[in-house]
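An overview of the molecular structure
Spelled out, the chains give:
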Amino acid sequence: MISVVVPVYNAEKYLERCLGSLAGQAYRDMEVVMVNDGSTDGSGAVLERYAKRYANFRLIDKANGGPNDACIAGIEAAKGEYVGFVDADDFCDEAHFENIAEAISRSGADMIVFKATTFRCGENDSETEIVSRGGGNKLAEGLYVGRRLENVKTKYFEEQLFSAARWIKVVKKDLLENNIELFAKDVVLGEDIGFTASVLFDTQSLYVMDWDGYFYRINDSSITHRFGEARITQFGRLCANLKEVCEAKGYGIGIDTELKRQLMVLISMLLKADDKTSEKRRMLAKLRESDCVKEMIRSERMPDFTAAERWKYRLFKDKAFVPLLISAYINEMIRGRKNR
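Below or above, wherever it landed, is the structure these notes cover.

1. Some points on the nonpolar core
Of all hydrophobic cores here, the largest spans 73 residues; its most connected members are Leu-206 and Phe-235. Once residues lying within four places of it in the same chain are set aside, the contact partners of Leu-206 are Ala-109, Met-111, Val-113, Leu-139, Gly-142, Leu-143, Tyr-144, Leu-149, Val-152 and Phe-162. One finds Val-8, Leu-22, Val-86 and Tyr-207 within the second-largest nonpolar core, a separate group that totals 40 residues.

Below you can see the structure in the form of structure tokens.
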């Protein structure tokens, strides 16, 4: 049996589509563990309705603790041999878990990794625009064991071989339970990175599917418009957690490369925030002086950044915050004109 954990926090707008897609799965030997992580909107009522209507849907209500805490609660409650994850604003093709179950039956692998289809919806959520298909991993379909799997582990960070998102994989429950202590509850920014690394580095067999039946939503409305110092603190926690995972598992190749990718994501969020320019400059300086950033920039290893990303990283590293802010402003102006 496969247990599907759905962590939910204030997702009332999207829940019907998400849970409806799980209720309509062709694969029947599955349970859906819905974790209400202290929602304050109408999510609870939707979850209760599904729990009453479908015998294989179970509801866990808990105080808000963040994504990792909600997923841990779901893992601990799961009854299946394998556990998968679905975000509350996403949905699945009706054949999704049937295809995964067949891959498990063929391979007996500890971890199944698949692809995703990215979509965007309008305000009323009725029209789905497919943005891309087949994203999520660079590995060829098939079973990875022995040296082939070891090669994946050692190159995972450097080459970003597949997405860290937990919803792009199904994992044996005992493998998850053995690593729960490394799923840091206080990490809410990039929390999937430590989760995936800790499980992957313990995996003895990996099966990759050429299947994109998971539909991942680009949720523009969820973007936080103010940055806030808490994000810098969270980045420090992410760095610490990933280092803890690598030390525990004995895999650290490319960790600085992965953290630089996450740093660039954070910088982009800061540059796009609605804060005043003076506040953005202060935040950039504070981020640049944080211990984790000062440590990672000592390494000259670079991810596969675009030319624009390399330029942005160089300006940040050299503390050229004013030119960085000006270039970001100009890019936004150009982008705005193109979209008219």
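2. Considering the packing of aromatic side chains
A complete count under the given rule lists 15 aromatic pairs for this structure. An angle of 35 degrees between the planes, with centres 5.8 Å apart, marks the rings of Tyr-50 and Phe-57 as tilted. Each member of the pair, Tyr-50 as well as Phe-57, is classed as buried. With a centroid separation of 6.2 Å and an interplanar angle of 50 degrees, the aromatic rings of Phe-316 and Phe-321 are classed as tilted. By the burial criterion, Phe-316 is buried, and Phe-321 matches it. In this structure an aromatic cluster arises from ring pairing among Tyr-156, Phe-157, Phe-162, Phe-201 and Tyr-251. The ring of Tyr-144 has Arg-148 lying over it, and the distance from NZ or CZ to the ring centre is 3.9 Å. Of note, Arg-166 hangs over the ring of Phe-195, and the distance from its end group to the ring centre comes to 4.5 Å.

3. Here we look at helix α1 (residues 12–23)
Helix length check: α1, at 12 residues, gives a terminal C-alpha distance of 17 Å against a target of 16 Å (1.5 Å per residue), a fit within 8%. Among all positions in α1, only Tyr-14, Leu-15, Cys-18, Leu-19, Ser-21, Leu-22 and Ala-23 are buried.

4. Thoughts on the side chain of Asn-241
Relative to the helices and strands, Asn-241 resides in helix α8 (residues 230–249). In contact with Asn-241, not counting residues within four places along its chain, are Leu-182, Ala-184, Val-187 and Gly-194.

5. A word on helix α2 (residues 43–53)
Since there are 3.6 residues in each turn of an α-helix, residues three or four apart along the chain are aligned in direction. What α2 keeps buried is the set Ser-43, Gly-44, Val-46, Leu-47 and Tyr-50. Angular distribution of buried residues about the axis of α2 spans 165 degrees; they occupy a single face of the element. For α2, the exposed residues lying more than 90 degrees away from the buried face are Lys-52 and Arg-53. Looking at the buried residues of α2, the elements they touch are β1 (2–8), α1, β2 (30–37) and β3 (57–62).

6. Topic: the environment of Phe-91
Along the chain, Phe-91 turns up in strand β5 (residues 91–92). If sequence neighbours within four positions are ignored, Phe-91 has contacts with Arg-17, Cys-18, Ser-21, Phe-119, Gly-213, Tyr-214 and Phe-215.

7. Regarding the packing of α1 against α2
The interhelical angle for the contact between α1 and α2, taken along N-to-C directions, is 15 degrees, at an axis separation of 9 Å. One finds that α1 runs roughly parallel with respect to α2. The handedness of the crossing between α1 and α2 is right-handed. Counted together, Glu-12, Leu-15, Glu-16, Leu-19, Gly-20 and Ala-23 of α1 and Ser-43, Val-46, Leu-47, Arg-49 and Tyr-50 of α2 form the full contact between these two elements. Across the contact of α1 with α2, the residue classes tally to six nonpolar, two polar and three charged.

Conventions and cut-offs
Residues numbered from 1 in each chain as written. Predicted model: local features only at pLDDT ≥ 70, side-chain atom pairs only at ≥ 80, totals over all residues. Heavy atoms only, no water. Core = buried A, V, L, I, M, F, W, Y, C linked by side-chain atoms within 4.5 Å. Buried < 20%, exposed > 50% of the residue type's maximum accessible area, 1.4 Å probe, protein only. Contact = heavy atoms within 4.5 Å. Phe/Tyr/Trp six-rings, centres within 6.5 Å; stacked < 30°, edge-to-face > 60°. Lys NZ or Arg CZ within 6 Å of the ring centre and 35° of its normal. Helix = DSSP H or I, 4+ residues; strand = E, 2+ residues; numbered from the N terminus. Expected span 1.5 Å × (residues − 1). Arc of directions from axis to C-beta. Axes fitted to C-alpha atoms, helices over the stretch in contact; angles between N-to-C directions. Parallel < 35°, antiparallel > 145°, perpendicular 65-115°, else oblique. Left-handed = near helix turned anticlockwise from the far one by under 90°. Nonpolar A, V, L, I, M, F, W, Y, C, P; charged D, E, K, R; others polar.

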